[in-house]
Amino acid sequence: MRNGASVPNGPVAWVTGGGSGIGRASAMAAAEAGWSVAVSGRRPEAVTAAAEAVRSAGGVALAVPLDVRDEHALRAAHERIEGELGSVTAFVSAAGLNAPRRMWDDQSMAEFEAIVDTNLVSVARAIDLVLPGMRAAGGGTIVVVSSRSAWRFSPGAGVAYMSSKSALEPLVASLNDQEGERGIRACHLCPGDVDTEFLALRPERPPAEARASMLTPEDVARAVRFVLESPAHVRIDELVITPLGQR
Ligand SMILES: NC(=O)c1ccc[n+]([C@@H]2O[C@H](COP(=O)([O-])OP(=O)(O)OC[C@H]3O[C@@H](n4cnc5c(N)ncnc54)[C@H](OP(=O)(O)O)[C@@H]3O)[C@@H](O)[C@H]2O)c1
């Protein structure tokens with residue numbers, strides 16, 4: 001037993017935003033598929049609970065609380081994961097941010113910057129950290145949880161959110177273009193409406209009836225697992241996952 005992780009044995013997956021919603025479900029799914037998972041997010045209690053849930057289900061997990069916007073914390077977390085679990089060969093970026101005031105006539109530039117920093121710049125920061133280990137390992141898989149609003153103009157999603165998520169498509173494409181020959185593949189994963197805590201960031205939280213027809217975090221985690229488990233020569237460039245009734 002090393003610092004909360006039980007006997008590390010599988011390949012290592014790092015999940016940001018792993019304390020709740022899609023990230024937490026993805027950590028569970030990756031662990032079920034045999035990955036040792038490092039779970040990161042700002043709330044220590046949430047990432048600890050997620051790691052405990054993975055362990056209760058028989059998996060290997062390490063809770064690594066951090067703010068993805070903090071470059072030094074991100075670097076320290078990556079070093080800790082490498083030291084305690086091993087080199088990261090799968091990275092699932094699920095940390096994300098939006099704000100209720102999201103239109104040109106009510107958004108604040110401070111919130112705009114925080115959203116872009118979280119949804120775009122921090123994703124690049126983390127990928128920059130894991131790439132050398134993936135290159136050394138001869139391969140790796142990166143799943144960037146983006147949004148359906150990156151795929152189809154979705155005015156309600158907000159200016160900063162839609163702009164930051166839309167930039168993830170070329171980010172992923174550039175990884176596939178430049179790192180593919182080193183065995184590294186990336187997926188731009190675009191979920192539609194998912195019933196998670198994220199809905200609390202909308203101007204108005206959808207009622208229970210509307211939430212009941214949305215995707216669940218587990219629906220999206222199945223797709224993450226599919227990407228992670230695909231044979232090494234298979235690249236899933238982009239996935240769009242939408243609840244049946246979403247327009
Ligand atoms: N729900 C939807 O309808 C929907 C649709 C399309 C795409 N998405 C995307 O799916 C991803 C996951 O969201 P979700 O729906 O699962 O909602 P969620 O449960 O609220 O997950 C977002 C996660 O990001 C973490 N996070 C936010 N800022 C962070 C930071 N600075 N550093 C580290 N972690 C941070 C949060 O944890 P802490 O607060 O503890 O840091 C939280 O665990 C997001 O990228 C979101 O944009 C969601």
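The structure displayed is predicted, hence computed values, not measured ones.

Caption draft 1: Local environment of the site of the ligand. Taken together, 27 residues lie near the ligand, and Ser20, Arg42, Arg43, Tyr161 and Thr196 sit nearest. With respect to the ligand, the backbone of isoleucine 22 contributes an N or O atom lying 2.7 Å from an oxygen atom. Here lysine 165 contributes a side-chain N or O atom positioned 2.9 Å from an oxygen atom of the ligand. A total of 870 Å² of accessible area belongs to the ligand in isolation, and the protein chains cover 94% of it. With respect to the detected pockets, the ligand is housed in the largest pocket. Of all elements in the fold, only α1 (21-32) and α5 (159-166) reach the threshold of two or more residues within the shell around the ligand. Along the lines of polarity and charge, the residues of the shell around the ligand split into ten nonpolar, ten polar and seven charged.

Caption draft 2: Seen up close, the packing of helix α4 (residues 109-137) against helix α6 (residues 168-179). For the pair α4 and α6, the least separation of the axes is 11 Å and the interaxial angle reads 15 degrees. Judged on the interaxial angle alone, α6 and α4 are roughly parallel. Crossing angle aside, the handedness with which α4 passes α6 is right-handed. Across the interface between the two elements, Asn119, Leu120, Val123, Ala124, Ile127, Leu131 and Arg135 of α4 pack against Leu168, Leu171, Leu175 and Glu179 of α6. Considering only residue class, the contact of α4 with α6 consists of eight nonpolar, one polar and two charged.

Caption draft 3: Looking closely at the sheet that holds strand β4 (residues 88-93). The sheet built from seven strands is open, its strands ordered β3-β2-β1-β4-β5-β6-β7 with parallel pairing. The sheet is open, and its two edges are formed by β3 (60-63) and β7 (238-241), each paired on a single side. Each strand axis lies, on average, 20 degrees off the axis of its neighbour in the sheet, ignoring direction. Relative to the sheet, α6 contacts β5 (140-145), β6 (184-191) and β7, its axis offset from that of β6 by approximately 160 degrees. Most of the contacts of helix α8 (residues 217-229) go to β6, to which it runs at about 165 degrees, and overall it touches β4, β5, β6 and β7.

Cut-offs used in this document
- Note that residues are indexed from 1 along each chain, following the sequence as it is written.
- The predicted nature of this model means local features are confined to residues of pLDDT at least 70 and side-chain atom pairs, given and counted, to a pLDDT of 80 or more, with totals for whole chains, interfaces and linings taken over all residues.
- Side-chain numbers come from the whole structure's heavy atoms, not from hydrogens or water.
- Residue proximity to a molecule or strand is established when one non-hydrogen atom of the residue lies within 4 Å of it.
- Each polar contact in these results corresponds to two N or O atoms within 3.5 Å; when the atoms are within protein, one needs to be able to donate a hydrogen and the other to accept it, and residues that are neighboring in sequence are counted only if both atoms are side-chain atoms.
- We get accessible surface area from the Shrake-Rupley algorithm with a probe of 1.4 Å; when it comes to residues, only the shown protein chains can shield them.
- Two kinds of site are reported from a 1 Å grid over the protein atoms alone, namely cavities, where a 1.4 Å probe fits but cannot get out, and pockets, open sets with protein on both sides within 12 Å along at least five of seven lines, and residues are called lining when an atom falls within 4 Å of a point.
- Should more than half of a molecule's atoms lie within 2 Å of a pocket's or cavity's grid points, that molecule is taken to sit in it.
- Comment: elements are numbered from the N terminus, with helices defined as DSSP H or I runs of at least four residues and strands as E runs of at least two.
- Classification convention: Asp, Glu, Lys, Arg as charged; Ala, Val, Leu, Ile, Met, Phe, Trp, Tyr, Cys, Pro as nonpolar; all other residues, Gly among them, as polar.
- Axes here mean lines fitted to C-alpha atoms, for a helix over just the part in contact, with angles spanning 0 to 180 degrees between N-to-C directions.
- Put simply, angles under 35 degrees are roughly parallel, angles over 145 are roughly antiparallel, angles from 65 to 115 are roughly perpendicular, and the rest are oblique.
- Two helices cross in a left-handed way if the nearer one is turned anticlockwise from the farther one by less than a right angle. They cross in a right-handed way if the turn is clockwise.
- Note on definitions: a residue-residue contact is assigned when non-hydrogen atoms from the two residues lie within 4.5 Å.
- Two strands form a pair only when DSSP identifies at least two bridges running between them.

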